[in-house]
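Chain by chain, the residues:
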Amino acid sequence: MSEENHETNEVVTAPRRPRSMEDDESGHSVDAKAMEDDESGHSVDVKAMDTSVEVKSETETEDYEEYEDEDKPTRGEVMGWCFYELSSYFTHTVLITVVFPLIISQTFSKPPPEPARGWYKNVRVLDCTKKETTLFEALTYARINVGDLSFSPLEWTSISWFSGLILAGPLLAYIAIHLDHRQNSQLITAIATAIGAIFCLPAGIIKTPWIIPPYIAAIVASNTVGSAFHNRHLGLMVRGFVGATIRKLHFPNRQAISSWLSLYATAGGCLGAAAIASFTYYMLRNPEGFISLWVVSIFSGILWFVGIVHILTAVRSNGIGSSFTTCRISSRYFISIFNYPHAAGSLVGVFLSSFSTMSIFTGAVLYIVGQLCTPPQDILFTWLTYFFFPVLALPLLHPVQKVIQSDAVKMQIFGFLLSTLTSGMGFYYRKENWHNNHVLVLAAAQSIASGVLHAHSRILLMDCAPAGKEGVFAAWFAWVRMLGAFVGFAMGSSGVGNVNRSFGAAFVAAVIGIVALIFSNISSYGGAVAAGHVRKRRETESPVHESNDVAKVEGKEDLEGTQDRSMEV
């Protein structure tokens, strides 16, 4: 008779009786041939046991992917990955949301009509400079006529952004297969990034708002493709550091590595955004506003183009063995993410986080410019606080997260809580005249929320991505994140300087995000288990080798035991 100890995964066998070897939790069993007892002695047929294991392994190994040995990422690879974030993160946080609306507002030969209150007062009868009032009116005054409809530069930017999302959808569906199972993914991503960077250069050649939508659409599509490649590489590097399949005991190490990479890259992206925002403020001081903003667009394109260096040097394989053939790739490959509930659910958090942060940012900037008449230098300090503060704060969060062993879901809840704080405070005191110190404090808090949500939403999705499917999961992340940013920008700019709508919508979105993450079954560990990154103790090794080794050891022990008992007789 045999008994299995579930705590130690060992089989304890009583003497002089047949025994069987059992796997701990996989549900499979390998039966050793029963030992034949007779008066002449005892014998063990170990060869029959090995044959039984081999027959069993032929069917069991079908459920296991064969992975190539992966090299640990080098310091240069990690630095290059973070540098690409620095050279591309600003495209949807500053270039599309700030620079292009300003360029569109400067394409008209005449300034907007003078408001009834005059150039030196705002709707709250606060003192303003004429330049501030003119800039705000130029952004919000609808004078781009399309038939019977009229659009403001902000609304024109939203329409252009949406067209870019439509273009990016089928493009990502095609590129996702190349990211995971083709050798030309680097070339395609480099070409897409180059196209987006090139479209930043001629933004001021023709002074008309009608030429801007193709530019913005190309930039949005290129940014989503580059983001998909970039975030896919995060999953590959994490596997290179910790391995393709790990035990539950080692899962906190995977979370620590993911957090370290993503937080530092996000800090680098915020640094790039702070540089572009500061350069935009500096160029707006020049009397030739249109030419100055064109220079900002050119500089942005050059910085984005430099990021191609990372794409061309990121030569890391996805680890799929040669047994994976292209014939197994179906036309439904792009929607295969919905076969993994944890991954599909995490997309909700990606959308809500991107929407809430962009809605707060856009609504707050228009509010402090149009409603508070904040001096230009204070606007610069607000931008620097929002973009530069995470450069210092996010790296400090990594050791704290490591000590408390907080996973990506809990960190996203923390980010949503900060967003509810800033949006709730802004909505509650919307009728008050905010002091600059209050604005800076809220900007600092929201900057941490934005960085934490961005960094850990992609960590959660990469935890849920099976090995070999990082590309398609990253493509969904890039598109959903850009969709959330578009909806947040449209919501934040629709209030024309009134934060009721933008802050209220952001608060509701953050609360929904918290409730969804707390009461749903989404978790980093559960997603990693479903994706095959974390397995049981004996599943972390090949079942063929492990079963053979165990069978041989137990057979050897039985043989020695029978020999001893024969000597005693």
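Residues numbered from 1 in each chain as written. Predicted model: local features only at pLDDT ≥ 70, side-chain atom pairs only at ≥ 80, totals over all residues. Heavy atoms only, no water.

## Considering the overall build of the chain
The helix and strand inventory of the chain stands at 18 helices and ten strands. With 569 residues in all, the chain has 56% of them scored as buried. The contacts in the chain between residues at least 6 apart in sequence include a share of 82% that link residues at least 24 apart. By element, 60% of the accessible surface of the chain is carried by carbon and sulfur atoms, the whole surface being about 25500 Å². (Helix = DSSP H or I, 4+ residues; strand = E, 2+ residues; numbered from the N terminus. Buried < 20%, exposed > 50% of the residue type's maximum accessible area, 1.4 Å probe, protein only. Contact = heavy atoms within 4.5 Å. Areas by Shrake-Rupley, 256 points an atom, 1.4 Å probe, with all protein chains shown as cover.)

## Brief notes about the state of the cysteines
Put plainly, two cysteines are in a disulfide when a covalent bond ties their sulfur atoms together. According to the stated counting rule, one finds one disulfide in the structure shown. Residue C128 pairs covalently with C373 via a disulfide, S to S 1.4 Å. Between C128 and C373, the S-S dihedral sits near 65°, and the bridge is therefore right-handed. Here the residue C128 occupies a position in the loop between α3 (90–105) and α4 (130–140), and C373 occupies one in the loop between α11 (341–370) and α12 (376–404), the gap between them amounting to 245 residues. (Disulfide = S-S within 2.5 Å.)

## Considering the side chain of E470
With respect to the helices and strands, E470 occurs in helix α15 (residues 470–493). Sequence-distant contacts of E470, that is, excluding residues within four places in its chain, are made with D180, R232, G235, L236, R239, M462 and A465.

## Side note on the confidence of the model for the chain
Low pLDDT marks stretches whose predicted atomic positions should not be read closely. Per-residue confidence for the chain gives a mean pLDDT of 81; residues scoring 70 or more make up 79%. Across residues 1–68 the pLDDT falls below 50, and counting only partners more than four positions away or on other chains, this stretch makes 105 contacts in the model. Throughout residues 321–327 the model reports pLDDT below 50, and contacts reaching past four residues in sequence, or to other chains, amount to six contacts. (pLDDT = per-residue confidence, 0-100.)

## Considerations on the side chain of S297
In this fold, S297 is placed in helix α9 (residues 289–306). At 2.5 Å, the side chain of S297 and the backbone oxygen of C200 are in polar contact. With residues near it in sequence (within four places) discarded, S297 still touches F100, I103, C200 and A203. (Polar contact = N/O pair within 3.5 Å; in protein donor to acceptor, adjacent residues only side chain to side chain.)

## Thoughts on helix α5 (residues 153–181)
Spanning 29 residues, α5 covers 42 Å between terminal C-alpha atoms, matching the ideal 42 Å at 1.5 Å per step. Considering bend angle alone, the principal kink of α5 is centred on L172 and spans about 30°. (Expected span 1.5 Å × (residues − 1). Bend = angle between axes of the 7 residues up to and from the residue.)

## Observations regarding the nonpolar core
By size, the foremost hydrophobic cluster in this structure holds 123 residues, and its most contacted members are V94, F100, I103, W161, F387 and F473. Excluding residues that lie within four positions of it along the chain, F473 makes contacts with I337, Y340, A343, L461, M462, C464, A465 and P466. One finds L263, A393, A449 and A455 within the second-largest nonpolar core, a separate group that totals ten residues. (Core = buried A, V, L, I, M, F, W, Y, C linked by side-chain atoms within 4.5 Å.)

## Some points on the pattern of salt bridges
Applying the stated criterion across every chain, the model contains four salt bridges. With a closest N to O distance of 2.6 Å, R239 and E470 form a salt bridge. With R239 in helix α7 (residues 212–242) and E470 in helix α15, this residue pair connects regions lying 231 residues apart in the sequence. Per residue, the accessibility class of R239 equals that of E470, and both read buried. Note that D463 and R254 form a salt bridge whose closest N and O atoms lie 3.0 Å from each other. Within this pair, whereas D463 is found in helix α14 (residues 436–463), its partner R254 is found in helix α8 (residues 251–284), the two being separated by 209 residues in sequence. The same class applies to D463 and to R254, which are both buried. (Salt bridge = Lys/Arg side-chain N within 4 Å of Asp/Glu carboxyl O.)

## Re α4
Here α4 has its buried residues at E132, T133, F136, E137, A138, L139 and T140. Buried residues along α4 sit in contact with α3, α5, α11 and α12.

## Observations concerning the packing of aromatic side chains
If you walk through the whole model with that rule in mind, you get 19 aromatic pairs. On the numbers, 6.0 Å between centres and 40° between planes, the contact of F151 with W156 is tilted. Overall, F151 belongs to the buried group, its relative accessible area being 18%. The exposure class assigned to W156 is buried, which follows from its relative accessible area of 8%. Taken together, W161, F162, F486 and F489 form an aromatic cluster joined through their ring pairs. Positioned over the ring face of F290 is K207, at 5.3 Å from the centre of the ring. (Phe/Tyr/Trp six-rings, centres within 6.5 Å; stacked < 30°, edge-to-face > 60°. Lys NZ or Arg CZ within 6 Å of the ring centre and 35° of its normal.)

## With respect to the environment of S457
The residue S457 is located in helix α14 in this model. Residue class for S457 comes out buried when judged on its relative accessible area of 2%. Distance in space between the C-alpha atoms of S457 and L347 is 8.3 Å, their sequence separation being 110 residues. Those residues in contact with S457 that sit more than four places away from it in its chain are V350, Q412, V452 and F477. Within the local environment of S457, its side chain forms a polar contact with the backbone oxygen of L453, the two atoms lying 2.8 Å apart. A polar contact of 3.2 Å, which involves the side chain of S457, links it to the backbone oxygen of H454.

## Thoughts on the environment of V508
Take V508: it is sitting in helix α16 (residues 499–519). Here the alpha-carbon distance between V508 and G424, two residues 84 residues apart in the chain, equals 9.5 Å.

## A look at the packing of α11 against α15
Contact geometry of α11 with α15 gives a least axis separation of 7 Å together with a crossing angle of 30°. In this view, α11 runs roughly parallel relative to α15, as classed from their interaxial angle. Considering how the two elements wind past one another, α11 and α15 form a crossing that is right-handed. Broken down by class, the residue content of the contact of α11 with α15 amounts to 16 nonpolar, eight polar and one charged. (Axes fitted to C-alpha atoms, helices over the stretch in contact; angles between N-to-C directions. Parallel < 35°, antiparallel > 145°, perpendicular 65-115°, else oblique. Left-handed = near helix turned anticlockwise from the far one by under 90°. Nonpolar A, V, L, I, M, F, W, Y, C, P; charged D, E, K, R; others polar.)

## Overview of a nonpolar patch on the surface
A cluster of nonpolar side chains, F507, V508, V511, I512, V515, I518 and F519, forms an exposed patch at the surface whose accessible area comes to about 630 Å². Topologically, F519 is positioned in helix α16. (Patch = residues over 30% accessible without salt bridge, like charges linked within 9 Å, V, L, I, M, F, W, Y side chains within 5 Å.)

## Looking at the environment of C270
With respect to the secondary-structure elements, C270 resides in helix α8. Residues C270 and E85, 185 residues apart in the sequence, show an inter-C-alpha distance of 8.6 Å.

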